[in-house]
There are 2 protein chains.
Amino acid sequence: MRLSKKERQAKLQQALSNDPFLTDEEMAKKCGVSIQTIRLDRMELGIPELRERVKRMAEENFDQVRSLSPEEVIGEVIELQFDQSGISILDIREEHVFARNRIARGHYLFAQANSLAVAIINAEVVLTRSAHIRFVRPVKMGERCIATAKVIDTDRARFQIQVKTRVNQEIVFQGMFHVYRLEEEGRT
Amino acid sequence: MRLSKKERQAKLQQALSNDPFLTDEEMAKKCGVSIQTIRLDRMELGIPELRERVKRMAEENFDQVRSLSPEEVIGEVIELQFDQSGISILDIREEHVFARNRIARGHYLFAQANSLAVAIINAEVVLTRSAHIRFVRPVKMGERCIATAKVIDTDRARFQIQVKTRVNQEIVFQGMFHVYRLEEEGRT
DNA sequence: CATGTTCTAATATCAAGTACTAACTCAGTA
DNA sequence: TACTGAGTTAGTACTTGATATTAGAACATG
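Residues numbered from 1 in each chain as written. Chains lettered and ligands numbered in written order. Predicted model: local features only at pLDDT ≥ 70, side-chain atom pairs only at ≥ 80, totals over all residues. Heavy atoms only, no water.

1. Observations concerning the sheet that holds strand β4 (residues 144-154) of chain A
Judged by pairing direction, the sheet is antiparallel, and its 12 strands sit side by side in the order β1(A)-β2(A)-β4(A)-β5(A)-β6(A)-β3(A)-β3(B)-β6(B)-β5(B)-β4(B)-β2(B)-β1(B) without closing on themselves. On the outer flanks of this sheet lie β1 (76-81) of chain A together with β1 (76-81) of chain B, each paired with one strand and no other. Averaged over all pairs of adjacent strands, the angle between their axes in this sheet comes to 20°, without regard to strand direction. In the packing of helix α5 (residues 106-120) of chain A onto the sheet, the strands contacted are β1, β2 (85-91), β3 (125-135), β4, β5 (158-167) and β6 (170-182) of chain A together with β3 (125-135) of chain B, and the crossing angle to β2 of chain A comes to about 150°. Of the strands in this sheet, β3 of chain A together with β1, β2 (85-91), β3, β4 (144-154), β5 (158-167) and β6 (170-182) of chain B are in contact with helix α5 (residues 106-120) of chain B, which crosses β2 of chain B at around 150°. (Pairing = 2+ DSSP bridges. Helix = DSSP H or I, 4+ residues; strand = E, 2+ residues; numbered from the N terminus. Axes fitted to C-alpha atoms, helices over the stretch in contact; angles between N-to-C directions. Contact = heavy atoms within 4.5 Å.)

Okay, here's the thing in structure tokens:
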């Protein structure tokens, strides 16, 4: 005997969750019922049609890509004095925190600081040599991290840069970065 | 006078790149030409129809979500002995490198090491206190970074973890991480 | 002038639906 | 027994956003 209505609907939801690209026709075949039955089931379960499902998935994806992708630099650099100092802002959002406790993952704070340290130096290629960092207090979702960096020592190719990150004046992260630039032969 | 064919096609691609959900009809309106013209343009440019575009985006997303999404951790942890040691692999890809020279951004190496250091500790909430790190040599696109971490000191709530990252046996990054766990009141 | 490029128009068709109406199958029951 | 109702199937008309194809303008250019 074939499945009861409830069983079929459960099966449907299951099937859709691991392949949301099923048409009504395919689902009908799978369940051994008519297309109309599947449509009624979808109505009852509030499942939109294939195209709508697909569109929603694509939209979610698109939004994410938009908000996240230009991560050439983590944080937004808002002020920059080459070889001297710079300021960058990073708003801690969903994607930066541990799901469990909404505390920012350390590597985002590091990334903001590192990006800023590298951005300050006016050269084609700048690499980090080493860093000594300290996470002074946990940062929570929604907090705005303002990192300030200043070059405190240099010998032309190597730079020592101090970065302090604050949330409302309060220091949450600080680090000392040693970065260096690769001199390229044909540079102007 | 309206746009030339080339200009229109350029405009089309532009428009689609910041809103891929445009129908032919909407694009026709935007460009002040007939739908048929837009279709011809799409043919020439090899742009699939709306539904196909949307479907592809959704599929990419779906695949990514399946394969990549648990990026709770950067790099793939392949071995883990709680409170003792761990190993993680990170393949350096496009998204990890500077576009200009294909050298990996420091913060990805840091993130791999930091994620691993935090993962090792068997507790609900583990945070990084400080780190002393050194980028021994630049890592290029395509290289596989294998990070090994071991706990070298602990006093129950605080841990000192050494992480070494290698590409083909050669050390490219090393760091000493101090992490700590938050004891939660009601833990078993 | 003929020719070719570019554009527009019109028609038939498709996939994957919605919306609606009608009818069939049984099982329980008044 | 006849009736009722849930569950299912069938069929039609319509919608969107296309494809595929054919045909005809508008206009420049050799």
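2. Some points on the confidence of the model for chain A
Residues with a pLDDT of 70 or more make up 89% of chain A, whose mean pLDDT is 85. Element-level pLDDT for chain A is lowest in helix α4 (residues 50-68) of chain A, with a mean of 73, against a maximum mean of 95 in β5 of chain A. (pLDDT = per-residue confidence, 0-100.)

3. A look at the relation of the copies chain A and chain B
The operation relating chain A to chain B is a screw motion whose rotation component is 179°, with 0.5 Å of axial translation and a residual RMSD of 2.2 Å. These values place the two chain copies in the arrangement generated by a two-fold rotation axis. Across chain A, the smallest distance between a C-alpha and the rotation axis is recorded for alanine 58 of chain A, namely 2.0 Å. The share of interface residues of chain A whose copies in chain B are also at the interface is 93%, consistent with both copies meeting through the same surface. (Least-squares fit on C-alpha atoms with pLDDT ≥ 70 in both.)

4. As for the interface of chain A and chain B
At the junction of the two partners, chain A supplies 44 residues and chain B supplies 43 residues. Summed over both sides, the interface of chain A with chain B buries roughly 3,800 Å², with 56% coming from carbon and sulfur. Counting across the chain A and chain B interface gives zero salt bridges. Taken together, chain A and chain B are joined by nine residue pairs in polar contact (both at pLDDT 80 or more). At the level of secondary structure, the elements contributing two or more residues to the side of chain A that touches chain B comprise α1 (5-18), α4, α5 and β3 of chain A. Residue contributions to the side of chain A that touches chain B peak at 11 residues, all from β3 of chain A. For the side of chain A that touches chain B, a count of residues per class yields 22 nonpolar, 11 polar and 11 charged. (Buried area = accessible area lost by both parts, 1.4 Å probe. Salt bridge = Lys/Arg side-chain N within 4 Å of Asp/Glu carboxyl O. Polar contact = N/O pair within 3.5 Å; in protein donor to acceptor, adjacent residues only side chain to side chain. Nonpolar A, V, L, I, M, F, W, Y, C, P; charged D, E, K, R; others polar.)

5. What to know about the side chain of asparagine 114 of chain B
When you line up the elements, asparagine 114 of chain B lands in helix α5. Note on asparagine 114 of chain B: relative accessible area 3%, which makes it buried. Sequence-distant contacts of asparagine 114 of chain B, defined by excluding residues within four places in its chain, comprise Gly106 and His107 of chain A together with Thr128 and Phe177 of chain B. (Buried < 20%, exposed > 50% of the residue type's maximum accessible area, 1.4 Å probe, protein only.)

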